[in-house]
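Chain by chain, the residues:
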Amino acid sequence: DVKVTQSSRYLVKRTGEKVFLECVQDMDHENMFWYRQDPGLGLRLIYFSYDVKMKEKGDIPEGYSVSREKKERFSLILESASTNQTSMYLCASSLDRRNYGYTFGSGTRLTVV
Amino acid sequence: QKEVEQNSGPLSVPEGAIASLNCTYSDRGSQSFFWYRQYSGKSPELIMSIYSNGDKEDGRFTAQLNKASQYVSLLIRDSQPSDSATYLCAVGRVKLVFGQGTRLTINP
């Protein structure tokens, strides 16, 4: 089975800090995605990447950036964390443009205080 | 804005009955349709995919797709307490748009 690993399960950061969320997949998937999940708002796409060094904005990219230097790793960066970025962050990957569905990581619960 | 709407929950079903979950979507160009199950505190898990009109069965689960009506559904037969979870409908091409989910509770 494809495994998508997120580096931290829980994080607590202070307002204004730069925060890095890491995601690694082990099955040579082309596509990787970052979503955040909030009660009442569902899953919202932040950024996605179709290939190494390639990125595209999702629906809510403000306050975030991403990096994909290697195919297996997709990092989400909060440039200056704010309390409204407190959320569950989910990384996902999929094989290629033939969408057979995502595999999700276990999620990172980020709290910004 | 591409939208995916799911029937509002929570939905409560007795054990052994059929649970029916519904989803409509706005983007007629959507090509891939999925149902994910999410247990409380866990990440979503893919349980069904469907790409063409009609029914697709996998064990106790049946996904139904009607592209003309822009409608996707999931039927769970012989519902078990372990089926209690939030079910997410996801629609799209390469990237997916998710519905807000329907919380399903199976009562023993």
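The structure under discussion appears in the preceding block.
Residues numbered from 1 in each chain as written. Chains lettered and ligands numbered in written order. Predicted model: local features only at pLDDT ≥ 70, side-chain atom pairs only at ≥ 80, totals over all residues. Heavy atoms only, no water.

Trainee: Help me understand the overall build of chain B, please; the structure alone is not making it clear to me.
Mentor: Counting secondary structure elements, chain B contains 0 helices and 11 strands. If you list the helices and strands of chain B from N to C, you get β-β-β-β-β-β-β-β-β-β-β. Expected size for 108 residues packed as a compact globule is a radius of gyration near 13 Å; at 13 Å, chain B falls within 12% of this value. Taking the principal axes of its C-alpha atoms as reference, chain B extends roughly 40 × 30 × 20 Å. Across the 108 residues of chain B, 44% fall into the buried class. When contacts within chain B are restricted to residue pairs at least 6 apart in sequence, long-range pairs at least 24 apart make up 52% of them. Accessible surface, chain B as shown: approximately 5,200 Å² in total, 45% of it carbon and sulfur. Looking at charge distribution, chain B has the averaged site of its 11 positive side-chain charges lying 8 Å from that of its 10 negative ones. (Helix = DSSP H or I, 4+ residues; strand = E, 2+ residues; numbered from the N terminus. Rg over C-alpha atoms; globule rule 2.2 N^0.38 Å. Buried < 20%, exposed > 50% of the residue type's maximum accessible area, 1.4 Å probe, protein only. Contact = heavy atoms within 4.5 Å. Areas by Shrake-Rupley, 256 points an atom, 1.4 Å probe, with all protein chains shown as cover. Lys, Arg positive; Asp, Glu negative; His and termini not counted. Charge placed at Lys NZ, Arg CZ, Asp CG, Glu CD.)

Trainee: Just to check I follow, could you spell out the overall build of chain A for this structure?
Mentor: A count of helices and strands for chain A gives 0 helices and 11 strands. Helices and strands appear in chain A in the N-to-C order β-β-β-β-β-β-β-β-β-β-β. For 113 residues, the compact-globule estimate of 2.2 N^0.38 gives 13 Å, and chain A sits close to it at 13 Å. Projected onto its principal axes, the C-alpha coordinates of chain A cover approximately 40 × 25 × 25 Å. Residues classed as buried in chain A amount to 50% of the 113 residues present. In chain A, the proportion of contacts linking residues at least 24 apart, taken out of those at least 6 apart, comes to 55%. For chain A, the exposed surface amounts to about 5,500 Å²; the carbon and sulfur share of it is 49%.

Trainee: In this structure, what is going on with the state of the cysteines? I would like to understand it.
Mentor: All names here are of chain A. Across all of its chains, the model carries 2 disulfides over all chains by this definition. Residue pairing for Cys23: its cysteine sulfur links by disulfide to Cys91, the two sulfurs lying 1.9 Å apart. Given an S-S torsion of about -75°, the disulfide between Cys23 and Cys91 has left-handed geometry. In this pair, Cys23 is assigned in strand β3 (residues 19-25) and Cys91 in strand β9 (residues 87-94), connecting sequence segments 68 residues apart. (Disulfide = S-S within 2.5 Å.)

Trainee: Would you mind showing me how to read the nonpolar core here?
Mentor: Judged by nonpolar contacts, the single largest core of 23 residues is most densely connected at Trp35(B), Val72(B), Leu74(B), Ile76(B) and Tyr87(B). If you list the elements that add at least two residues to this core, you get β3 (19-25), β4 (32-38), β5 (45-50), β7 (61-66), β8 (71-76), β9 (85-92) and β11 (102-107) of chain B. The next biggest cluster of nonpolar side chains, apart from the first, holds 20 residues, and it includes Leu21(A), Ile46(A), Ile60(A) and Tyr89(A). (Core = buried A, V, L, I, M, F, W, Y, C linked by side-chain atoms within 4.5 Å.)

Trainee: So what exactly am I meant to see when it comes to the sheet that holds strand β1 (residues 4-6) of chain A here?
Mentor: The pairing of strands in a sheet comes from backbone hydrogen bonds and takes either a parallel or an antiparallel form. Residue and element names in this part refer to chain A. Spatial ordering of the open sheet is given by β1-β3-β8-β7, a layout of 4 strands whose pairing is antiparallel. The open sheet terminates on both sides in strands that have one partner only, identified here as β1 and β7 (64-70). For this sheet, the mean angle separating the axes of adjacent strands, direction not counted, is 20°. Relative to β3, β1 runs antiparallel, the two sharing 3 bridges. The residue of β3 that forms the bridge with Val4 is Gln25. (Pairing = 2+ DSSP bridges. Axes fitted to C-alpha atoms, helices over the stretch in contact; angles between N-to-C directions.)

Trainee: I would appreciate a short explanation of the interface of chain B and chain A in the present structure.
Mentor: How large an interface is tends to be reported as the accessible area lost when its parts come together. Taken together, the 17 residues of chain B in the interface contact 22 residues of chain A. Taking both partners together, chain B and chain A bury about 1,600 Å²; carbon and sulfur atoms supply 54% of that area. When the buried area of chain B at its contact with chain A is split by residue, Val94(B), Lys95(B) and Phe98(B) rank highest and sum to 38% of it. The tally of links from chain B across to chain A stands at 0 salt bridges. Our count for the chain B to chain A interface comes out at 7 residue pairs in polar contact (both at pLDDT 80 or more). For the side of chain B that touches chain A, the secondary-structure elements that each account for two or more residues are β4 and β10 (96-98) of chain B. If you tally residues by element for the side of chain B that touches chain A, the top one is β4(B), at 4 residues. In the side of chain B that touches chain A, the residues fall into 9 nonpolar, 6 polar and 2 charged. (Buried area = accessible area lost by both parts, 1.4 Å probe. Salt bridge = Lys/Arg side-chain N within 4 Å of Asp/Glu carboxyl O. Polar contact = N/O pair within 3.5 Å; in protein donor to acceptor, adjacent residues only side chain to side chain. Nonpolar A, V, L, I, M, F, W, Y, C, P; charged D, E, K, R; others polar.)

Nothing here speaks to function; it is geometry throughout.
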